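Architecture at a glance
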Amino acid sequence: MALRMWASSTANALKLSSSVSKSQLSPAFSISRCFSSVLEGLKYANSHEWVKHEGSVATIGITDHAQDHLGEVVFVELPEENGSVRKEKSFGAVESVKATSEILSPISGEVIEVNKTLSEAPGLINSSPYEDGWMIKVKPSNPSELESLMGSKEYTKFCEEEDAAH
């Protein structure tokens with residue numbers, strides 16, 4: 001998701017974050033920096049989406065870093081099941097009190113499940129971006145695309161450098 005939001009640099013400069021509790025995440029499985037958590041074992045796109053690949057299914061959502069910059073999520077637009085997504089192409093949008101941002105797919109594949117709960121409770125993206133706030137499940141058409149994504153340490157460094165530039 002291309003994060004070009006007018007408020008992100010101000011929020012970072014003032015060290016503001018949403019009121020989301022990070023205590024639910026186990027320190028043994030996460031790296032915390034600047035109010036955001038990055039989970040080990042996931043892959044990350046530079047557009048701030050995460051992928052959890054298990055067997056023939058890849059679960060996709062936006063990162064804690066992305067939701068923190070967006071602020072309170074009030075609406076989510078997601079694709080239909082049985083459709084397809086393409087790497088680095090939009091598959092939906094997230095609307096927050098600050099901005100609307102496209103969600104880019106980190107991989108290509110067939111959408112096999114959509115998190116329908118988000119239509120009634122979009123705030124799950126804020127409160128649980130890596131668990132209850134997942135967006136779609138995809139059957140990857142080119143699993144090798146996962147190799148081009150960042151690991152947790154690389155993504156943490158990427159976010160720190162990006163925030164420092166703003």
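Use the structure listed above.
What counts, and where the lines are drawn
- Residues numbered from 1 in each chain as written.
- Predicted model: local features only at pLDDT ≥ 70, side-chain atom pairs only at ≥ 80, totals over all residues.
- Heavy atoms only, no water.
- Pairing = 2+ DSSP bridges.
- Helix = DSSP H or I, 4+ residues; strand = E, 2+ residues; numbered from the N terminus.
- Phe/Tyr/Trp six-rings, centres within 6.5 Å; stacked < 30°, edge-to-face > 60°.
- Buried < 20%, exposed > 50% of the residue type's maximum accessible area, 1.4 Å probe, protein only.

Before going further, it helps to examine the sheet that holds strand S3 (residues 43–44). The strand order S3-S4-S5-S11-S10-S7 describes an open sheet built from six strands, whose pairing is antiparallel. The open sheet is flanked by S3 and strand S7 (84–85), the only strands paired with a single partner. By the bridge criterion, three bridges tie strand S5 (residues 57–62) to strand S11 (residues 136–140) in an arrangement that is antiparallel. Residue pairing in the sheet places Ala 58 in a bridge with Val 138 of S11.

Further remarks concern the pairing of strand S4 (residues 49–54). Bridging between S3 and S4 involves two bridges; their strand directions are antiparallel. Looking at S4, one finds that Lys 43 is bridged to Val 51. Looking at chain direction, S4 and S5 are connected through six bridges and run antiparallel. Note on S5: the bridge partner recorded for Lys 52 is Thr 59.

With the rule as written, the count across this model stands at three aromatic pairs. Each ring, one from Trp 50 and one from Tyr 130, has its centre 5.9 Å from the other, and the planes form 55°; the classification is tilted. Separated by 80 residues along the polypeptide, Trp 50 in strand S4 and Tyr 130 in the loop between helix H4 (124–127) and S11 bring together distant segments of the chain. Judged on exposure class, the residue Trp 50 and its partner Tyr 130 are both buried. With centroids separated by 6.3 Å and ring planes inclined at 25°, the aromatic side chains of Tyr 155 and Phe 158 adopt a geometry described as stacked. Of the two residues, Tyr 155 and Phe 158 both sit in helix H5 (residues 152–165), three residues apart, roughly one turn of that helix. Look at Tyr 155 and you get buried, because its relative accessible area is 0%. Since its relative accessible area comes to 23%, Phe 158 is described here as partly exposed.

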